[in-house]
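Understanding the architecture of this molecule
Each chain, written out:
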Amino acid sequence: MAHVHIALVGGQTYPVYLGIAETSPDRVVLVHSPSSAGEAHRIADEFKGNGVPFLFEVCDPVNVKQVLDKTRMMARIMSDDDDYTINLTSGTKVWSILFREAFATKGHVKFIYVDQSCTLYDLSNGDSRDGAAIDTDRVFRLNDTSALSYLDYNDLTDDDMKVLGAVKGLIHSNWTAFNALTVLNTPDKQQRLKHRQGTVEHKGSSLSWNRDTSTATLSLMRRDGRLVEKTLTSPHVFNLLLNAGWFEAEVARHLSCWKHSHEVRMNVKFPYVEGNPKNEIDIIVNTGNRLMFVECKTQIHTLTDLDKFSKAVRNYGGTGCHALFVTYGPMTSEAAEKCRDNGVIPFSFKDTLTASHDEDKRGIITRALHQLLDERLFTINKK
């Protein structure tokens, strides 16, 4: 008697992978359409070397007569003495209905469903259990991509955190000059800041740097005419200083102490593929049972940023991932509505502080953000 696992393969691969991993079958049959063959083979690749044989069955996704013939044929030729687990999570609705009907007559069969929080359900009695914690890179592989590079939040040193604190203080001296010096929004700025050493100026303010010593000196002219100068030195000083990296690190700091946070990656770069709206995600949080992608903006300049972010989340992580859009400044009602339309969780530092009536503002952002995420973590995303 063998334990046979039959899984229906559609566009979402992780629930199929998890169903196999959690049931330890003797052999696996992956039912896929011509268009989901790639997904089926990526799933099988995750089990290479463990000795479990995989069979691939091609099935029309929607033709009822053909699906009916396929399911009945498979049920007829497969032994009644074997145990069967059939994962109905992915694939088409026609598949789910007809596979359950065809195999229900088997003496030893269990039908399972895996939800977006990686909970496995026995559909015969409603029993459920949590699957093993997800692996971030496995999610990427199953979605046919990989992280080319990233910065683990835990790799930030004490000196990096001192730089983060110093930058948060400096931006209030002259926000406009700070952004003019550190946001590389033109080819000329991008090229100049690649030099090992140099200085750039903006209306009396300046930024000098030395990449060999991981040092940058900011001189910012205040409105009262005084010059505020600070020398910053740390292993990741340029990650924090340039292109609002300080804000991404600040958001990551709040997320790293969330009780559901298992891993926090920053500046996650993916291979560029035509059709993907972007190839870098500011922050990705592994919560143990799903990934959360985070976009950080000091201010929203164009609402299309939200559309691009939402599409990138689905491309790299699948429909089960959460998406969080965080702004430093106020979030407009149009942006908040755009977030809701795209299934993105909106959060604004400025709006949160303004809405708080606590005299002691310390810890407000952390508490509010954690409360919001606690409420949303186990909700189901729209397909």
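Scroll up to find the structure.
Rules used throughout
Residues numbered from 1 in each chain as written. Predicted model: local features only at pLDDT ≥ 70, side-chain atom pairs only at ≥ 80, totals over all residues. Heavy atoms only, no water. Helix = DSSP H or I, 4+ residues; strand = E, 2+ residues; numbered from the N terminus. Contact = heavy atoms within 4.5 Å. Areas by Shrake-Rupley, 256 points an atom, 1.4 Å probe, with all protein chains shown as cover. Lys, Arg positive; Asp, Glu negative; His and termini not counted. Charge placed at Lys NZ, Arg CZ, Asp CG, Glu CD. Phe/Tyr/Trp six-rings, centres within 6.5 Å; stacked < 30°, edge-to-face > 60°. Lys NZ or Arg CZ within 6 Å of the ring centre and 35° of its normal. Buried < 20%, exposed > 50% of the residue type's maximum accessible area, 1.4 Å probe, protein only.

A word on the overall build of the protein chain. A count of helical and extended segments in the protein chain gives 14 helices and 17 strands. Principal-axis analysis of the C-alpha atoms gives the protein chain an extent of 85 × 45 × 35 Å. Taking the intrachain contacts of the protein chain between residues at least 6 apart in sequence as the baseline, contacts between residues at least 24 apart amount to 62%. Of the roughly 18500 Å² that the protein chain leaves accessible, carbon and sulfur atoms contribute 49%. With 45 positive and 48 negative side-chain charges, the protein chain shows a separation of 4 Å between the mean positions of the two kinds.

This structure, assessed with the given rule, holds 16 aromatic pairs. Through a chain of ring-to-ring contacts, three or more aromatic side chains come together here, namely Trp175, Trp246, Phe247, Tyr328, Phe347 and Phe349. Seen from the ring of Phe238, Arg211 lies directly overhead, with NZ or CZ sitting 4.5 Å from the centre.

Relative to the helices and strands, Leu181 is located in helix H7 (residues 175-182). Take Leu181: its relative accessible area is 3%, and that puts it in the buried class. For Leu181 and Asp144, which are 37 residues apart along the polypeptide, the C-alpha to C-alpha distance reads 38 Å. In this structure Leu181 touches Val200, Glu201, His202, Ser205, Ser206, Leu207, Leu218 and Leu220, once residues within four positions along its chain are discounted.

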